[in-house]
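# Descriptive analysis of the structure
Residue strings, one per chain:
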2 protein chains.
Amino acid sequence: MFYLIGLGLSSPEDITLAGLNAIKSSERVYLESYTSFLMEASVSELETFYGKSIVVADRDMVETQSDKILEEAQVKNVSFLVVGDPFGATTHTDLLLRCKESGIGYKTFHNASILNAIGATGLSLYNFGQTVSVPFFDGNWKPTSWVDRLLDNLELGLHTLLLLDIKVKEQSVENLARGRKIYEPARYMTIPTAIMESIVDSKNPVDHKPRRTINPDVTLGISVSRVGSSTQAFHAGTLTQLLNLEDVEGKTFGLPLHSLIIIGQRLNPIERDYITQFAVDGPHWRRITSELYNLE
Amino acid sequence: MFYLIGLGLSSPEDITLAGLNAIKSSERVYLESYTSFLMEASVSELETFYGKSIVVADRDMVETQSDKILEEAQVKNVSFLVVGDPFGATTHTDLLLRCKESGIGYKTFHNASILNAIGATGLSLYNFGQTVSVPFFDGNWKPTSWVDRLLDNLELGLHTLLLLDIKVKEQSVENLARGRKIYEPARYMTIPTAIMESIVDSKNPVDHKPRRTINPDVTLGISVSRVGSSTQAFHAGTLTQLLNLEDVEGKTFGLPLHSLIIIGQRLNPIERDYITQFAVDGPHWRRITSELYNLE
């Protein structure tokens, strides 16, 4: 049996009872480690918590050794743990499709993911458009088609969740070419970088559709730090305010994981009131939402 | 302390360990009962599972007695349980805002919700646009602005999750006027109804923007029955096929909860392959996705 299990966002106790029971029944436990990480637990803490040893599965292992992982599931219970919900990334449906083709039984265990947890900002999830990932510029190629999606959302008055790139256990081109298992330090895109990319790239959408660019002085956003953890923090304001916040206080946004929300015109009064509590500048927040977002 | 706790989708064991600990520490436990229900557990089963008695909170109670609920939280631990994740509906952020204003400590516990669990269909959550709710026609007023949102998503090539209306513990206008606590039988919108409403209403968008109407013979959808439960079922095909499916087999979609996904053009090959396993007519599914959704 193959168990695909979402761990939720932050602490070992964010797992569901059903998910924990599946882990406890498993002879082998893998932890997918390259798209995210559990904010308040190290691998060894998880091992202690589950009473199981964990095999950390990096991108390389999942892409090249998944046959072996699934073979094991033919004869014993295997748990494959994913931070958040297991259906955030397509790779994991691919594993299930292969279970199906090989006649391996499987069961999935849902959990919270960043995609619904951002409701904690007070914004209605109904008013979000498509989610975008903001990728690092890798030196040779700068993918910017995500900004078209952001602009499409803004045109419709919708909020956008921007997921910021994470590079964990990546090899340099040289080490990759030489087959050296030497990994670069983990990198996390910062909120100011994502804001700057949004502003700059909005001037050159890939699809060349005529749309308004992003004016950072009148476009509102929310910085999302460590949502779902005990140190969760939000800051709301214009994009300019959020940029200046980092400049002035240095470590405002704190440790990863970070995300960014760019707020669309379809903001309602309850959302506005809720968000006021973590606005960088409350009176300014209320003025902007009243004048430019048409709220009383 | 006020605990706002998501229960997940289906079984008592879908709760997180952190959420369960909070319930166990509470002197009073409310269960929000008017926006959804836990598919595989009755209230008394939950009471046994938690070892606590539960106060079932209908819309009336939450709207008129929330002061009392929050007052209790001034002096003891109170858990307020919500099916799915607690931030699906705005009402619940309203409770937190009032905690904040009254100086009552609170903590929230995330969980899976329909909004991320539909990733189990194999569709990438990144390719969904705004979620819509399809409301019952109440006799006097037929709200159709949701169809504008559906059409906006389709124009952008995005998938749409349609949440089907639920009427639980609703009073008739007459009983409401006379203050009689007599409730109508629970009603759940069916998938064929939601499909018909989508087709018909797409011809008359409220905003009168010129957009293509929905042609049910070439527009693909997925029926979503009881996602996250042990009897979860999906059917994929053209909207016409999904309509005929119900006509022929009667109870195909089974017991609630049901949702519907209308698939946008931005379908990728992995999504297509995964969904083939529950296509109403596999070869037809592959032909349509190849000819009309531009997949090889």
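Residues numbered from 1 in each chain as written. Chains lettered and ligands numbered in written order. Predicted model: local features only at pLDDT ≥ 70, side-chain atom pairs only at ≥ 80, totals over all residues. Heavy atoms only, no water.

Turning our eyes to something else, we now look at the overall build of chain A. Check the secondary structure of chain A and you find twelve helices and twelve strands. Computed over C-alpha atoms, the radius of gyration of chain A comes to 21 Å, within 12% of the 19 Å expected from 2.2 N^0.38 for 296 residues, which places it in the range of a compact globule. Summarising its shape, the C-alpha atoms of chain A cover approximately 65 × 45 × 35 Å along the three principal directions. Residue burial in chain A is summarised as follows: out of 296 residues, 56% are buried. Long-range contacts, defined as pairs at least 24 residues apart, comprise 73% of the intrachain contacts of chain A with a sequence gap of at least 6. About 12,600 Å² of surface is accessible on chain A, with carbon and sulfur atoms providing 51% of the total. The average position of the 27 basic charges and that of the 36 acidic charges among the side chains of chain A differ by 3 Å. (Helix = DSSP H or I, 4+ residues; strand = E, 2+ residues; numbered from the N terminus. Rg over C-alpha atoms; globule rule 2.2 N^0.38 Å. Buried < 20%, exposed > 50% of the residue type's maximum accessible area, 1.4 Å probe, protein only. Contact = heavy atoms within 4.5 Å. Areas by Shrake-Rupley, 256 points an atom, 1.4 Å probe, with all protein chains shown as cover. Lys, Arg positive; Asp, Glu negative; His and termini not counted. Charge placed at Lys NZ, Arg CZ, Asp CG, Glu CD.)

This part takes up the sheet that holds strand β1 (residues 2–6) of chain B. Residues and elements named next belong to chain B. With parallel pairing, the five strands of this open sheet are ordered in space as β3-β2-β4-β1-β5. In this open sheet, the two strands that pair with only one neighbour each are β3 (55–57) and β5 (106–109). With strand direction ignored, the average angle separating the axes of adjacent strands in the sheet is 20 degrees. The sheet contact formed by β1 and strand β4 (residues 78–82) spans five bridges and is parallel. Note on β4: the bridge partner recorded for Leu-4 is Phe-80. Taken strand by strand, helix α1 (residues 17–24) contacts β1, β2 (28–32), β4 and β5, and its axis lies near 140 degrees from that of β1. (Pairing = 2+ DSSP bridges. Axes fitted to C-alpha atoms, helices over the stretch in contact; angles between N-to-C directions.)

Before going further, it helps to examine the nonpolar core. Buried together is how nonpolar side chains tend to be arranged in soluble globular proteins. In this structure, Phe2(A), Ile222(A), Phe2(B) and Ile222(B) are the most contacted members of the largest nonpolar core, which totals 93 residues. Among residues more than four places away in sequence, those in contact with Phe2(B) are Ile69(B), Leu70(B), Ala73(B), Val78(B), Phe80(B), Leu95(B), Leu96(B), Cys99(B), Ile104(B), Gly105(B), Tyr106(B) and Lys107(B). Membership of the second largest hydrophobic core comes to 38 residues, among which are Val29(A), Ala41(A), Ile5(B) and Ala41(B). (Core = buried A, V, L, I, M, F, W, Y, C linked by side-chain atoms within 4.5 Å.)

This paragraph deals with the UniProt feature "binding site: S-adenosyl-L-methionine" (unreviewed entry) in chain A. Residue and element names in this part refer to chain A. The sites that UniProt annotates as "binding site: S-adenosyl-L-methionine" (unreviewed entry) are Leu-9, Asp-85, Gly-88, Ser-113, Ile-114 and Leu-164. Structurally, the position occupied by Asp-85 is in the loop between β4 (78–82) and α5 (90–102). For Asp-85, a relative accessible area of 5% gives the class buried. Residue position: Ile-114 is located in helix α6 (residues 114–117). The contacts of Ile-114, once residues within four sequence positions are left out, are Leu-9, Leu-161, Leu-163, Val-227 and Ser-259. (UniProt positions renumbered as here; feature names shortened; annotations may be inferred.)

So, on to the pattern of salt bridges. Scanning all chains against the criterion turns up 22 salt bridges over all chains. A salt bridge links Asp67(A) to Arg98(A); the nearest nitrogen and oxygen atoms lie 2.2 Å apart. Here Arg98(A) lies in helix α5 and Asp67(A) lies in helix α4 (residues 66–75), a separation of 31 residues in the sequence. The salt bridge partner of Arg211(B) is Asp207(B), with a shortest N-O separation of 2.6 Å. For Arg211(B), a relative accessible area of 14% gives the class buried. Because the salt bridges share partners, they merge into one network encompassing Asp152(A), Asp207(A), Lys209(A) and Arg211(A). (Salt bridge = Lys/Arg side-chain N within 4 Å of Asp/Glu carboxyl O.)

All names here are of chain A. Annotation of chain A at the domain level lists domain 1 (2–111) and domain 2 (115–293). Measuring from the centre of the C-alpha atoms in domain 1 to the corresponding centre in domain 2 gives 28 Å. Opposite the twelve residues of domain 1 that make contact, domain 2 presents 16 residues. Counting the surface lost from both domain 1 and domain 2, the interface buries some 1,100 Å², and carbon and sulfur atoms represent 55% of this. The tally of links from domain 1 across to domain 2 stands at one salt bridge. Residues Asp-60 and Lys-181 are paired through a salt bridge, measuring 2.7 Å at the closest nitrogen-oxygen approach. Classifying every residue of the side of domain 1 that touches domain 2 gives three nonpolar, four polar and five charged. (Domains from an automatic or database assignment. Buried area = accessible area lost by both parts, 1.4 Å probe. Nonpolar A, V, L, I, M, F, W, Y, C, P; charged D, E, K, R; others polar.)

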